[in-house]
Every structure is written in structure tokens, then in C-alpha cells.
Protein chains: 2
Amino acid sequence: MPSNIVPSNIPDIVIGRLPIYLRALTRLEQEGREVTSSHELGQRLGISSAQIRKDLSHFGGFGKQGTGYQISYLIDQLKQVLKIDREWDVALVGAGDLGHAVANYRGFSDRGFRIVAVFDNDSAKIGQAVGKLTVRAFSEMEAFVREHNIKVAMIAVPAQNAQDVADQLIKAGVRAILNYAPISLNVPTGVYVQYIDPVVHLQRMTYYLD
Amino acid sequence: MPSNIVPSNIPDIVIGRLPIYLRALTRLEQEGREVTSSHELGQRLGISSAQIRKDLSHFGGFGKQGTGYQISYLIDQLKQVLKIDREWDVALVGAGDLGHAVANYRGFSDRGFRIVAVFDNDSAKIGQAVGKLTVRAFSEMEAFVREHNIKVAMIAVPAQNAQDVADQLIKAGVRAILNYAPISLNVPTGVYVQYIDPVVHLQRMTYYLD
DNA sequence: AACTGTGAAGTTTTTCACAGCC
DNA sequence: GGCTGTGAAAAACTTCACAGTT
């Protein structure tokens, strides 16, 4: 009974919306709600109800006709789809202002991620505390990442160092990189990169202003 | 000679790529390059050359056949299109860890944005220094934003306060919001929101991991 | 009565491929 | 020979609208 077949061709754009749905569902649950509908969810998110239904239908029937979706069940299912029904260990590279802010951000742990190490190449920073962690030498990174089988990393170093850091992370086995440096990374297939560049977001909006 | 007509129906997805092009072009310029091609740019960004050409063609012919694009000229043109051929004053709301990191981020000023005020409602924080700025009381926000005609703001407060903050910013005249809080905002038409939620980006990648 | 799941229709976005220019 | 700009074709994505279920 092949019930655990992974549907192989889900559009990436659909995957990208699932975390948004999950976030909204978690919020609904916190508000004490037990059931919701594609319509309600869509209203909150500014997305059409049809789109939400179609997105979810890629993974099976999570809802009940006439009733809607049971929130806790849908949350569990989405977590499973996104593979955050487990906790991912994450390496953080860069212990500057940005690295500190990322390391101290409380929002990771309850959503599937745990920063387990911080690396920097500045000898003045090595050994310093960052949150509950101690900054490790950049030279130890590859061995550490490999040894702990870390697959997810965040890059918070200056743009000029980001590609080097990415190359080393990938060499050590990292497969998913969240890049805070304002530069596009070249990575081999099978490695995934997401970008956080606040200026890009701002520039995207000013186009629409007078 | 109506040369300054604004092409009215450019897809948003195209607008969203322009800041990426701009970032790559700026980097090429820093490397001392003077000319590039849609092919080269595409390689660097992992985007097809045809797409880059088509995107740019929405705004006029920026390139030369046989030659490519003159980098400094294209940068100027893109800045104009994105309306960052000027400097936008930005209000920052929230002076916690995240607010501090945002305020201290060096990358805004040379890319069109300047943080001119930081607001928080925690009386322990009001009056404190954040970078070169002093934290102002949240109660002064509306008047300040209105008086200085601020159109762009960043929200770095806890999720539970984000909608309230957004409402007040909008009331004061803000039209573009970069929201760091992990929650979807409801805003009227004519107001633009972009989101930065690192966890959403991470969750989007783990789907593809084993 | 309310709501899902889904083929089919409609729309948007991307890619193709080539004429035209340097 | 190399490259842009662009119609036309292809692919991807969203919405429609409704049968079917609770």
C-alpha cells in the first residue's frame, strides 16, 4: 500500500504558500478556533478561496465538504508536507549585528528550526557569547557541519564573503541556505537558496508610490 | 512629446525582479565592468536571458543590439523606474533586538532609503539611542509621520501589535510597509506590504530536503 | 445550507526563435 | 558574430463553476 508516495510535481509556487497558510492557521488556533474554511483563510491572507483549496488538494483531501478544515489536523498535515514535523538544526554564519539579531530571534524554535552553532572568522568575536551559543571559528565550520549532519544554514556575512561561505557550507553537506547578504549565490542543483534583502522589498514597493 | 508616460500595466512580477537586476548590475559596476548582456546577467542570477530582455523591454530599449547594456546607464534607468533616483525617508517601529539590527544595517542608505525615526511604546526604551537615532514614543508617531510626509515604514514589533501599528501608520499617510512581524496584515488598496519572515523562507526549503 | 475538491476555462508568465541592428 | 527587442507559441498558474458530501 504505497500511501507515502511523495507527489512529485507540486509547483514551487504552491510550496511557497504553504508556510503562509500554516502561519495563519497557527494564529487561528491560538485564537481558540477549531475549524476554518478556505474562504475565511483566504480573506485573512488576501488569497482566493479557490486557490487555497486547489493548493491543499495537491496533497490530499484535508477538508470536509460542508464543514471546512479542522485546524489542528490541517496544521499537522502541512507540517508533515513541509517536513517540519521534526526540528532542523541550523548553522548560522556571521556574528555581526545581523548575526546577533538572527541568533536572538525567538521565532525559530517553535516553528521547526534550532540554531545550533554560530561561526565567524573575526578572531575578536570567536569565543564570545551570542545568545546561548558561543561563536566558533570559521575554520571549524566544515567539520562541525559535517559531523552534526547539518542541512540548513543561514548566511549573515558581508556580501563579498557570502559566496565563499556558501561554497564551504555546501561542501560540508548543507542543502538549504537562507542568505541575508545582498547578493545572488551560485549553487549546484539540489541546493536551495532563499534570500532576505530588505532593500529589495522596499524597492519593489516604491515603484507604486507617486 | 509625451516621453514621460508611465507604462500603466507592468506585471508586478516584473517589478519584483527589477531590484534583483539592479543589485547584480551594481555589483558588476563595482567589479569595474562597463557593459553586460542579458545572457551574462541571466547566468549570474539563474534567470533566462529572454526573460531579462523582455522585462527590460517593458520600459523601453535600454540595450544596443550586438553590444548589450551599458551598466551605468541601465542602473540609472532602473533607479528611475523604481523611483529610487531619490532618497525615501523611512520610519522604523520597534526598538527591540530586531529593530536595533534593522536600524544599524548599513545597506539602506546607498540604495535609496534612510531611516529617519525609530518608535517604540516601551517607556524604558524611549530616549535610548539606536544607532544615530533616539527612540521616540509611539504616541508621537502619527504626528511625526504626517509632518515629515513619510510614505515608507518598517514594522519590527511583536506579531500581536503589528496590525495596530500598521493601522496607525496608514492613518498617518504611510503607503508602503515592510513587515518583519510574522503575521499577514490587512491593508486598504493603495497601500503596499512586503513581508520578511525568515521561518517562512526556511520552511519553503525543507520541503525539498530528504 | 455550507463547503470541499476538481475538471475546464481563462489569464498570466515564460520561452522560443528570429528579424534587425551594431 | 553577437546581441537586443518582440511577436508568436508554449507552459504555468489562477479562477470559475458545479457535482458531490456532510
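Here, the structure is the one placed above.
Here the structure is a predicted model, which means the values were calculated and not measured.

### Observations regarding the sheet that holds strand E6 (residues 129-130) of chain A
All names here are of chain A.
Working step 1: The 7 strands are arranged E6-E7-E5-E4-E8-E9-E10 in an open sheet whose pairing can be described as mixed. The sheet terminates laterally at E6 and strand E10 (192-195), the two strands that pair on one side only.
Working step 2: Relative to E10, strand E9 (residues 176-179) runs parallel, the two being bridged by 4 bridges. Note on E10: the bridge partner recorded for Leu 178 is Gln 194.

### With respect to the pattern of salt bridges
Working step 1: Enumeration over the complete set of coordinates arrives at 26 salt bridges over all chains.
Working step 2: Lys 171 of chain A is paired through a salt bridge with Glu 142 of chain A; the nearest N and O atoms lie 3.4 Å apart. Highlighted residues: Lys 171 of chain A in helix H7 (residues 159-171) and Glu 142 of chain A in helix H6 (residues 141-147), separated in sequence by 29 residues.
Working step 3: Among the charged side chains, a network of salt bridges with common partners joins Arg 23 and Arg 111 of chain A together with Asp 197 of chain B.

### Remarks on the environment of Ala 159 of chain A
Working step 1: As for its placement among the helices and strands, Ala 159 of chain A is situated in helix H7.
Working step 2: Sequence separation between Ala 159 of chain A and Ser 184 of chain A is 25 residues; the distance between their C-alpha atoms is 9.2 Å.
Working step 3: Other than its neighbours up to four places away in sequence, Ala 159 of chain A contacts Ala 181, Pro 182 and Ile 183 of chain A together with Arg 27 of chain B.

### Some remarks on the protein's contact with DNA strand D
Working step 1: Taken together, 24 residues lie near DNA strand D, and Gln 65 of chain A together with Ser 38, Arg 53, Gly 66 and Tyr 69 of chain B sit nearest.
Working step 2: The sugar-phosphate share of atoms of DNA strand D within 4 Å of the protein amounts to 57%.
Working step 3: Taking Gly 63 of chain B, its main chain carries an N or O atom lying 2.9 Å from a phosphate oxygen of DNA strand D.
Working step 4: Among the secondary structure elements, those contributing two or more residues to the surface near DNA strand D are helix H1 (12-30) and helix H3 (49-57) of chain A together with helix H3 (49-57), strand E2 (63-64) and strand E3 (68-70) of chain B.
Working step 5: Examining the composition of the surface near DNA strand D, we find that 4 residues originate from one element, H3 of chain A, more than from any other.

### Focus on the relation of the copies chain A and chain B
Working step 1: Aligned on chain B, chain A shows an RMSD of 0.1 Å; the corresponding rotation is 180° and the shift along the axis is 0.0 Å. Put plainly, the chains are arranged around a two-fold axis. Among all C-alpha atoms of chain A, that of Ala 101 of chain A lies closest to the rotation axis, at 3.0 Å.
Working step 2: Take the interface residues of chain A: 100% of them recur as interface residues in chain B, which is what a same-surface contact looks like.

### Some points on the packing of aromatic side chains
Working step 1: All told, the structure shown has 10 aromatic pairs over all chains when counted by the stated rule.
Working step 2: Arranged with centres 5.2 Å apart and planes meeting at 85°, the rings of Tyr 105 of chain A and Phe 108 of chain A form a pair that is edge-to-face.
Working step 3: You can call Phe 108 of chain A buried: its relative accessible area is 4%.
Working step 4: Between Tyr 208 of chain A and Tyr 192 of chain B, the aromatic rings sit 4.9 Å apart at their centres with planes inclined by 15°, giving stacked as the arrangement. Remark: Tyr 192 of chain B occurs in strand E10 (residues 192-195) and Tyr 208 of chain A occurs in the segment after helix H8 (198-206); the pair is interchain, linking two chains.
Working step 5: For Tyr 208 of chain A, a relative accessible area of 24% translates into the label partly exposed.
Working step 6: Linked through ring pairs, Tyr 192 of chain A together with Tyr 207 and Tyr 208 of chain B together constitute an aromatic cluster.
Working step 7: Of note, Arg 23 of chain A hangs over the ring of Tyr 195 of chain B, and the distance from its end group to the ring centre comes to 5.8 Å.

About the criteria used
Residues numbered from 1 in each chain as written. Chains lettered and ligands numbered in written order. Predicted model: local features only at pLDDT ≥ 70, side-chain atom pairs only at ≥ 80, totals over all residues. Heavy atoms only, no water. Pairing = 2+ DSSP bridges. Helix = DSSP H or I, 4+ residues; strand = E, 2+ residues; numbered from the N terminus. Salt bridge = Lys/Arg side-chain N within 4 Å of Asp/Glu carboxyl O. Contact = heavy atoms within 4.5 Å. Near = heavy atom within 4 Å. Polar contact = N/O pair within 3.5 Å; in protein donor to acceptor, adjacent residues only side chain to side chain. Least-squares fit on C-alpha atoms with pLDDT ≥ 70 in both. Phe/Tyr/Trp six-rings, centres within 6.5 Å; stacked < 30°, edge-to-face > 60°. Buried < 20%, exposed > 50% of the residue type's maximum accessible area, 1.4 Å probe, protein only. Lys NZ or Arg CZ within 6 Å of the ring centre and 35° of its normal.

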